[in-house]
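Observations on the model geometry
Each chain, written out:
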Amino acid sequence: MKLALFFLGVCLAQAALNPEELREKVFEQGKEYVYKYEGDVKSGIPQTSDKYSGMKIEAEVRLQFKTDKDVLMRLEKIKFKSLRGEMESPEERELRLLAKDPKEEKRPEQRQRHAFDQEFQKSTEFELDFDSEERLSVERTLSEEQERRDQQERNQKKSRKSSSEQEESIWEASREVQEEVSETEKSMTELRRHLEKTVLVRYEKGNVTKIEAQKDEPQESVNIKRGIWNMLQVTMDPKNVETLDKDSKDKSKSNRAYDKSTEKLFRIMEQDVSGQCETQYDIRESRLQKNLFEVTKTKDYQNCRQKVEKLHSLLSAKKIKDERKDRKEDKLESSSVSRLLVVSDKLRSDKFLIQQSEVRSQHVFQPYSKQGGEVITFSKQILKLKEAKQMSERMPEPLDSELKGNLSFVFEKEESQRTDSEERREEKTQERKEKIERLSKEISKEMKHSVSEQAPRKFVELVKELRQLNEEQMKKILKELITKPLNQGEQRKQRLTHEQVQEKNQTRKVLLDAVSLVGKREALRAVRELMELKRISESETELLLTGLSLSIQPCPSTTREMLEIAKSERSQESKQIRKSAWLSLGTMINGMFNKQKEGQMEKRRPKDQEQLEQIKREFSRELLKGIEEEKSEEEKLIFLRAIKNAGLEQTIDRLQEIISGKDSETNTKEVRVQAIDAMSRVAKKLPNKVRQIALRVFQNPEKSESERIRAYELMMKTKPTLSFIELIAQSTQRETSNQVGQYVYTDLKSRSESKLQQDKKMSQQCKIALRLCKPFNKGIQYSESRKFQMVDEDLDMGVSLDLKSISDKKSIFPKDVRAQLRLSTLGYDIELLEIAGRAEGLQSMIDSVLSKKQEEKKNVFDYMMKKTRESSEEYRKTKEQRQKNIADIETEKIQRSLPIETRRDEEPRLTYSTKWSDNEISFQQFDKEELKKMVREGKLPMSDLEEQLRKGLKHQTSKTTFLVEASRQIPTTLGLPLHLNLTSVLIVKSKSEGKLEVTPRMFREDRPREQKEVRRIESELKSNQTIVLYTTGKMTVLSRVLKSGVAINVTLNTTLPVSGKLSMDLESQKYKLTMETPEQERELVTLKSTPFVYTEQKQTRKDRSGRKEETTRRQEIIIKGKKVQKTPTEYNRTFGREEFGVEFRLNSSMVSRLNKEKRSPFQPLTGPVELRLSVRPGQNKPKEVEIELEQKEVRPSSSERSEEREQEQKKDRRMEIVIRAKHDRQDREMKIKIQDSEEKFEEDPRQRQLDSREQRLPKKFLVRSIQEPEPQVSSETREQLKESQKKQTRRTIAVQIERKRLQNEREDFKACVNMEFEYPSYADYRLVQDRIQKTKIDAKWGRDCSGNDKKMTLKAKFQKSVEQRKQERKEEKMYEQAPKNSKEWLRKETEQDFESFLESLSEVWTLGERSESRSESSQERSFWDSSEKREYFSETHSDKKREVRENVFRKCLQDRRQGRTYSAACLKAIEQRSQLRELDIEIEHQNLPTWMKQLVSDLHKHTQHTFWDRTSVKDVDVRNEENKLRLRLTVDKEFKEMNVSIKTPREETNMTRISLEQPKLKINLQKVLKTELPLKMDLSIPMPLRFPSTKYSLSQEYQDRLMNKQYWPYCKVESESRKIRTFDNVEYKYELSQCDHILAKDASPEERFMVLISKKTEQKPENTLKVFLEGKKVELRSREESESRRQQEQEQKSQEWTSREEESHKHREMEITVDGRQVEVQPESQIQIRRDQNDRNSEVLFTIQRSGKMVKIISQKLGLKIKHDGHSTWVKVSNSFRSKMAGLCGNFDGEQTKEYSGPSEEIYQSHKMFALSYQVPSKQCETEGKKLPQMRNVMISRTNENGKEETCFSKTPVPQCPEGSRKTKSEKSQMEFHCLYTNLESTKKMIKLHQTKPLEKMMSKKTDRVQEIEAELECREQ
């Protein structure tokens, strides 16, 4: 038979057809052609599983050519089938081929049966099939036997049971199940009726140009017909077609290259179902038959002029442009290949006949880039010519025809409501109402106790049901189902129980949540009606409007509907509804006018551009009305936020006027900041204009920090060029604001470090721009911008958390904080969530709550009630009647002489807002009045609240919403849409009940007078928090009767039950926490993920009443991933069963994507994933667990309570913790005892024990003796320093743990840990010092604490390194050997040979020859001699010059010879020499457990591998002590590099030059958890390495590191150098006089302290200090000495050397007076100043300490420290005084630009005038004819350009000599003037007033004139 067929084919191929015969073989008018059509589509995950689902369409296609171009088409014998099955594996295929009968013939259809399992490019060779009747008859004869076999197979499949569809083992080779859709089904009948309708197609030269069909035929039916016509679309000759292959130099119009070619290869843009895309043609002439051509065409869907696509999402996202070559830009990619057999006339390309057409296409969705997990939909279509004949009966043309478009797919519009009868409409409405009510109740029941898995699925179904309602149904159903909540009276009337009321409210809440997600205009109108009827509350209305604005597809009508709601009477009544309505309006406007993406379904808006602009102007006018000048600030803020959401370009001019135009001064700062933010969306549309506006604000230093920083952010949103970013970076070089400079620098730096793909371009630009940026590292108290990211490039996923803070001058706490969460996934950048908060005028409250000592902390209500009390009339009267003391009287006198304007906080304001998907959805603002109402007017009634807490409060809330709802639709070649859907439902349920009882009362004002403090607190809490996240993703092919595709369901359920009691006895300091244990098993975390293939089919069945109803039959096949991993990886672990009596169980099961590791990333498409974390009762479960804590403090006996010895005695504090598990039989408990003691002792460093390394070093490099003299200071100063440094502090913390044995243990457990810390008691300010800090930790555990079981001892000490000591010796010897004039020394040194200089010096100073080192060998001595020479003296002259120049030790000694003991050089030298740059650790262990040894070993190996290039290991002949580990860390001078030495018993490891630049602690969670994670969560935490010093503790080092040495800012006055350093580190010179000057004053309304300074006499440098603190006056002055004392000290001077400081003006002892009474303070001791000195129980206000000649006044309560020794004064304040200070020490606002701020906050340009402004006028200053200049505003008169007289006043006061005096010293400076018309009454008053005192608030006036003025600094009598 095969041989006969072969000869027949050869004969047919050799035959030549004449033109008459050819004419019978092409499409012609009057002929009819019948094709057999088969199309199937299959979906699955082939790389994971061979299981698939799909559908199949079979039909006969009848074509009648009405003309050569007009064709009638009709489908007949239509069948729809569902497909489910599993493809055979390669092994099965091989076995089947071996068992195959060699005589069996295989048809083309059978060859392609397994195409789903093959790669797309490897499809089988196209087989020719001739359509002549002879050949058809031969083929039918040949295939009879095969058809018979196929029929037998089909009969066998039908006989199988339906349950066998899920079984894998019983399927045949393809294991496919086909089910035909019954023709009686309603949906099938209706679809068949439309498909059988005739369509008229315009078919020109193989291209379909238009399609006409009946008007009532839906696009769904037409699209299927388009899919068939797509197979007939062909271009045979590109001669007159625009091709894409034409060369640029080819100017010919026609494509003659194809005229004579038998093979044609060309590219054109061709229309098909998916749009107009690039098509590659390959036309070849067949060798078997003349005029028969094989046509192959492929589609490139990446290059399309028009692409059909439909997108919908609740979230706005930006598509990421991925420039990486190995990444796909589109996660959903399509491809298509068509093969046709065409009989065509070579002379006429329009004459042809398509005998057979086959189209194969695939759609691949790849959510991540790693191999595996591709969801693929394959489709195959075959069209064969069955019959060609003359048209016998003409098909009817479409009736009432309508143009349906061209070949491109058209998405079906929403079905319009049918015109049913009224009775039928009522019936449908009732059915839907019942279903909606039933679903709402079922969801409510599913959420009653815990959230079940079915609740989120039913919620999705509920939203779908609501979306199918029309407007009439929506209003009617919602009116009936949503009613007002019942009050208590109605509940009693209806006899409803509490549970019934809760269930009713929960059902109502579920329905409201669903309505907010409907996203239709009908829902918006229904909500409006409910709002007007007041069926819903204000908060419910807000949620509904916000949800609908995000989910609705906006159009002009729906947007106008929202506008009407915003203008409605109900909105005007409620501020909350009004805010929500305008914000929602802005969101909808932006959704309507934002840029339409390519291929996206057309927006419902006018296509006419002019009409579109008119609508924009209409809405912009409505929005701009709200920000008119006469509107209130509150209204402006609402509308500015709405304008920000809208993003209309028409609003930018008005916004510019508010920001920097004519209205900028009349609007508040908050309005201007919000106006800048309102341009965020306009910035992308008008980038150049927005940049110009924002740049003016950013570069204006007069603008506030908030405005400038927001302007910077706005500029960065315009996608600036590199040159513009460099311009911004360059501007930081001259930036005067630390707040702005640090924010710009940190933001550019964080952007440059971003790893997200969408930030790649910006990151590269910021890296370049940072080279021009000035580094700002001022500390965490300044504004910052930080990014925390987790990115996995392999998965193409990333999460970014951006934290932005704008700080204020008045507090270290930021006033503006924002947190932005961004998500990068599936090729899109999503701005998911932003939460922002802004607080102004609340800094005092925040500082009071957060920044004080623990005993001084107050809660917010205490603070506010205190303010309320102080502002009351009764309090003011009490304060006035109070007896005034000396300090009060003198303070008032100073205030009258020199009034200082109070530095008040801004008006209190608190605002927080939320943005979702870059749309602001809510904001709440509390102004000053609202904050007052919270406390004063009962908005938060405190007494009622306390009573409710005593009785018990119950709170229950829930929220259900769509977290994500996104869909994408594209057409398939069959004409069926492919839907890619992602829906995520979030359910949050919170249920809490608790009690709180405070004894005596909760709030301070309600407490009895005799009980001011809280004694006891009892609380009880039961809470259950549940969060359920349900996510479903589908890739589905849809038709009216069938659905098939791939889906995945992921459910995450977390439950946190908490139940317990807390008891706090504050008097006895006993605390008790009781926690209940679970009685039954509870699942804490559950994660389930199931991928599957499925089919859905609509069926009609009868219900119980006999009524027909339409149901959906769904059949699923789970994808188990056996193709990747035959059995899933399971992980089961339990812990705590015996130890705690509560068992925690972790069970997981998953399929590894790579099948390499047992634990792999979460890849849900690989197979089922299940994870459960549960807790249940364990063995010997306790009823409850109690934790008791008791604190004890050992107080000294009454005989030892002298204040002089209180600091010397030992302090002892104890704490005991008892953890008790209560059982029915016997309780189990564990005791933890902690004892903390502290004592001071004296220690000589020379007596400490040396370690092995120190014993080998010369003693000159060891610890210095305390007896070594301090250089260049007097004996008096030396003794003072020596006495203060003798004492060490030893702190001991002992921890003892005792636990009774468990059931599986043989003995009890005991552990003892003893920790000792030794450190200097006082800061060491000596140049010659060498002290250490030691730590010892001794741990013993096991059977007892005797040390016979497990033991470990750790000894650590911080000390100076050997290199550090050598450098110090080197500096000292250089100073000793050098002449006093360093320039002369360098000159002489240059003239002589350097080697001879070394020899001469070595003769003077011989190293290594002292008696201590005589025992050393000569070889060792020579080694140390040479090394010391090398270390001490540099080898080159340039190095010597540099060392002399940088030697701060030498500079310090020179300063000390000039009398400056603590100059800047000395402080720097002391800081360098106080550093302890070496840490030695010695660990000795015994019987350690194996896991601990393994941990240390792994850590050691990890360190070696990390720094392998800097590591040297010595492991040969190493015999160190057993069971010992030694570790030494040495850092360099700048703390940039570190050397590490590790010694183990068998190995020595040295690591050198390990970089410490911005060190970070990297935590690799993958390694910690021993599993890969979906994202690379390497947490890099900044961990700067700091060592303590003898000057600062370790905690102080880190505090200074975080705040850039501004944790304790200080002001300093030096009498010798006349220098004053302010709190903000600005230094200036000013010579004090005998007049009092305000050095530092708390200028806040509390006025807590004031410091005055003056000179005692003009000739001597001693200063007198007056401190007004807590109602006390403390005066410090040098004590006058007796004549005998002077003679005695004169004799001492002749006997010993003294510095110039002691010779000229020796430090005298300080005389201390408190309120005029002299107080004696012994050296190195302190006294406490109480409010009542006669009452030892009264409050301690502050302490006075004496250290040598230095006197310290310390107030722990205020955070104030004052030091004074007569010559130098230090004032240290805490950060709570920021921007509240006044005086010579500056305003302490963190900035240096406006440091010279006067008493009235006027800004001086001259530091001399600034200092004079704080001189307190007094007669005692005017001695020897001197007169004090008065600070007055200068007045000048002028005539302006209009000829009118003006009087001008200087904006700042100027010192002027009073009447009757003359100037003796003056200086000229430029002054700014403000001018007024002279004839005004207000001007005349100011003329009189300026002669008596400085004018107020002149700095805020505008500058009209600048003129040079002479300031009179010193005056004398005439």
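Computed from a prediction, not measured in an experiment: that's the story for all the values here.

1. A few points about the pattern of salt bridges
Counting across every chain of the model gives 134 salt bridges. Glu 610 is the partner of Arg 617 in a salt bridge, and the nearest nitrogen-oxygen pair spans 3.5 Å. For the salt bridge of Glu 1521 with Lys 1524, the shortest nitrogen-to-oxygen distance reads 3.0 Å. Judged by relative accessible area, Glu 1521 falls into the partly exposed class, the value being 45%. Look at the salt bridges and you will find they share partners, linking Glu 471, Lys 475, Lys 479, Arg 525, Arg 528, Glu 529, Glu 532, Glu 561 and Glu 564 into a network.

2. Side note on the packing of aromatic side chains
Aromatic ring pairs: the centre-centre distance and the angle between the two ring planes describe each pair. Under the criterion given, the structure shown has 22 aromatic pairs. Between Phe 27 and Tyr 33 the ring centres are 5.0 Å apart and the planes differ by 90°, which places this aromatic pair in the edge-to-face class. An angle of 55° between the planes, with centres 5.1 Å apart, marks the rings of Tyr 203 and Trp 229 as tilted. Taken together, the residues Tyr 203 in strand S5 (residues 199–204) and Trp 229 in helix H7 (residues 219–232) connect sequence positions 26 residues apart. Both residues of the pair, Tyr 203 and Trp 229, belong to the buried class. In textbook terms, an aromatic cluster arises when at least three aromatic residues are bridged by ring pairs, as seen for Phe 27, Tyr 33, Phe 65, Tyr 203, Trp 229 and Phe 352.

3. Quick word on the nonpolar core
Among the nonpolar cores identified, the biggest contains 106 residues, and Phe 459, Leu 466, Trp 582, Leu 623, Phe 698, Tyr 712 and Leu 748 are the most heavily contacted of them. Top element by residues in this core is helix H17 (residues 575–593). It accounts for 9 residues. The residues contacting Phe 459, other than those within four sequence positions of it, are Ile 443, Val 510, Asp 513, Ala 514, Leu 517, Thr 960, Thr 961, Phe 962 and Val 985. Formed by 74 residues, the second largest nonpolar core is a distinct cluster that contains Val 199, Ile 211, Met 236 and Val 1037.

4. What about the packing of H17 against helix H18 (residues 609–625)?
Closest axis-to-axis distance for the H17/H18 pair is 12 Å, and the angle between their directions is 160°. Put simply, H17 runs roughly antiparallel to H18. Classified by chirality, the crossing of H18 by H17 is left-handed. Contact residues: H17 offers Trp 582, Leu 585, Ile 589, Met 592 and Phe 593, while H18 offers Leu 612, Ile 615, Lys 616, Phe 619, Glu 622 and Leu 623. For the contact of H17 with H18, the per-class residue count stands at 9 nonpolar, no polar and 2 charged.

5. Notes on the sheet that holds strand S56 (residues 1740–1747)
Here we have 8 strands laid out as an open sheet, ordered S48-S47-S46-S59-S58-S57-S56-S55, and antiparallel in their pairing. The open sheet terminates on both sides in strands that have one partner only, identified here as strand S48 (1627–1629) and strand S55 (1725–1730). Each adjacent strand pair in this sheet contributes to an overall mean axis angle of 15°, direction not counted.

6. Quick look at the sheet that holds strand S53 (residues 1710–1714)
Strand order in this open sheet of 7 strands is S54-S53-S52-S51-S50-S49-S60, and the pairing throughout is antiparallel. Each end of this open sheet is capped by a strand with a single partner; those strands are strand S54 (1717–1719) and strand S60 (1781–1782). As paired elements, strand S52 (residues 1672–1678) and S53 share 5 bridges and run antiparallel to each other. Following the sheet pairing, Leu 1676 is matched in S53 by Ile 1712. Most of the contacts of helix H31 (residues 886–897) go to strand S51 (residues 1663–1669), to which it runs at about 110°, and overall it touches strand S49 (1637–1642), strand S50 (1649–1655), S51 and S52.

7. Re unusual backbone geometry
The phi angle at Lys 77 is positive, at roughly 50°, despite the residue not being glycine. Note on placement: Lys 77 falls in strand S3 (residues 70–86). A positive phi is found at Lys 534, a non-glycine position, where the angle reads about 60°.

8. Quick word on a nonpolar patch on the surface
There is a patch of nonpolar side chains on the surface, built from Phe 788, Leu 801 and Leu 803 and spanning about 250 Å² of accessible area. Tracing the chain through its elements places Phe 788 in strand S16 (residues 784–792).

9. Quick word on a positive patch on the surface
Taken together, the side chains of Lys 445, Lys 448, Lys 954 and Lys 991 define a basic patch exposed on the protein surface. By secondary structure assignment, the location of Lys 991 is in strand S23 (residues 977–999).

10. What to know about the environment of Arg 751
Assignment of secondary structure puts Arg 751 in helix H26 (residues 738–752). For Arg 751, a relative accessible area of 18% puts it in the buried group. Along the backbone, Arg 751 and Gln 765 are 14 residues apart, and their C-alpha atoms lie at a distance of 9.2 Å. Not counting residues up to four positions away in its chain, the partners in contact with Arg 751 are Tyr 712, Met 716, Met 762, Ser 763, Cys 766 and Lys 787.

11. Looking at the state of the cysteines
The final tally for this structure, using the stated rule, is 6 disulfides. Across a sulfur-sulfur distance of 2.0 Å, Cys 277 and Cys 304 are joined as a disulfide pair. Residues Cys 277 and Cys 304 are joined by a disulfide whose S-S torsion is about 100°; by sign, that bridge is right-handed. A residue pair is termed long-range when its members are at least 10 positions apart, and Cys 277 in strand S8 (residues 275–285) and Cys 304 in strand S9 (residues 292–307) qualify at 27 residues. The exposure class of Cys 304 is buried, given its relative accessible area of 14%. In this model Cys 1611 forms its disulfide with Cys 1785; the gap between the sulfur atoms is 2.0 Å. Between Cys 1611 and Cys 1785, the S-S torsion sits near -75°, and that sign places the bridge as left-handed. With Cys 1611 in strand S46 (residues 1610–1614) and Cys 1785 in the loop between S60 and helix H48 (1807–1813), this pair connects stretches of sequence that are 174 residues apart. Overall, Cys 1611 belongs to the buried group, its relative accessible area being 1%. The cysteine Cys 766 is free of any disulfide, with Cys 773 supplying the nearest cysteine sulfur at 9.9 Å. We classify Cys 766 as buried; its relative accessible area is 0%.

12. Comments concerning the side chain of Thr 651
Its place among the elements puts Thr 651 in the loop between helix H19 (633–646) and helix H20 (652–660). What makes Thr 651 buried here is its relative accessible area of 1%. What Thr 651 contacts, discounting residues up to four positions off in sequence, is Ser 620, Leu 624 and Ile 643.

13. Some points on the pairing of strand S6 (residues 207–214)
Pairing of S5 with S6 involves 5 bridges; the strand directions are antiparallel. The partner of Arg 202 across the bridge, within S6, is Lys 210. Here S5 folds back onto S6, and the loop between the two strands holds 2 residues, one of which, Lys 205, carries a positive phi near 50°. Alignment of S6 against strand S15 (residues 401–405), held across 4 bridges, turns out to be antiparallel.

Here is what the cut-offs are and how they apply
Residues numbered from 1 in each chain as written. Predicted model: local features only at pLDDT ≥ 70, side-chain atom pairs only at ≥ 80, totals over all residues. Heavy atoms only, no water. Salt bridge = Lys/Arg side-chain N within 4 Å of Asp/Glu carboxyl O. Buried < 20%, exposed > 50% of the residue type's maximum accessible area, 1.4 Å probe, protein only. Phe/Tyr/Trp six-rings, centres within 6.5 Å; stacked < 30°, edge-to-face > 60°. Helix = DSSP H or I, 4+ residues; strand = E, 2+ residues; numbered from the N terminus. Core = buried A, V, L, I, M, F, W, Y, C linked by side-chain atoms within 4.5 Å. Contact = heavy atoms within 4.5 Å. Axes fitted to C-alpha atoms, helices over the stretch in contact; angles between N-to-C directions. Parallel < 35°, antiparallel > 145°, perpendicular 65-115°, else oblique. Left-handed = near helix turned anticlockwise from the far one by under 90°. Nonpolar A, V, L, I, M, F, W, Y, C, P; charged D, E, K, R; others polar. Pairing = 2+ DSSP bridges. Patch = residues over 30% accessible without salt bridge, like charges linked within 9 Å, V, L, I, M, F, W, Y side chains within 5 Å. Areas by Shrake-Rupley, 256 points an atom, 1.4 Å probe, with all protein chains shown as cover. Lys, Arg positive; Asp, Glu negative; His and termini not counted. Charge placed at Lys NZ, Arg CZ, Asp CG, Glu CD. Disulfide = S-S within 2.5 Å.

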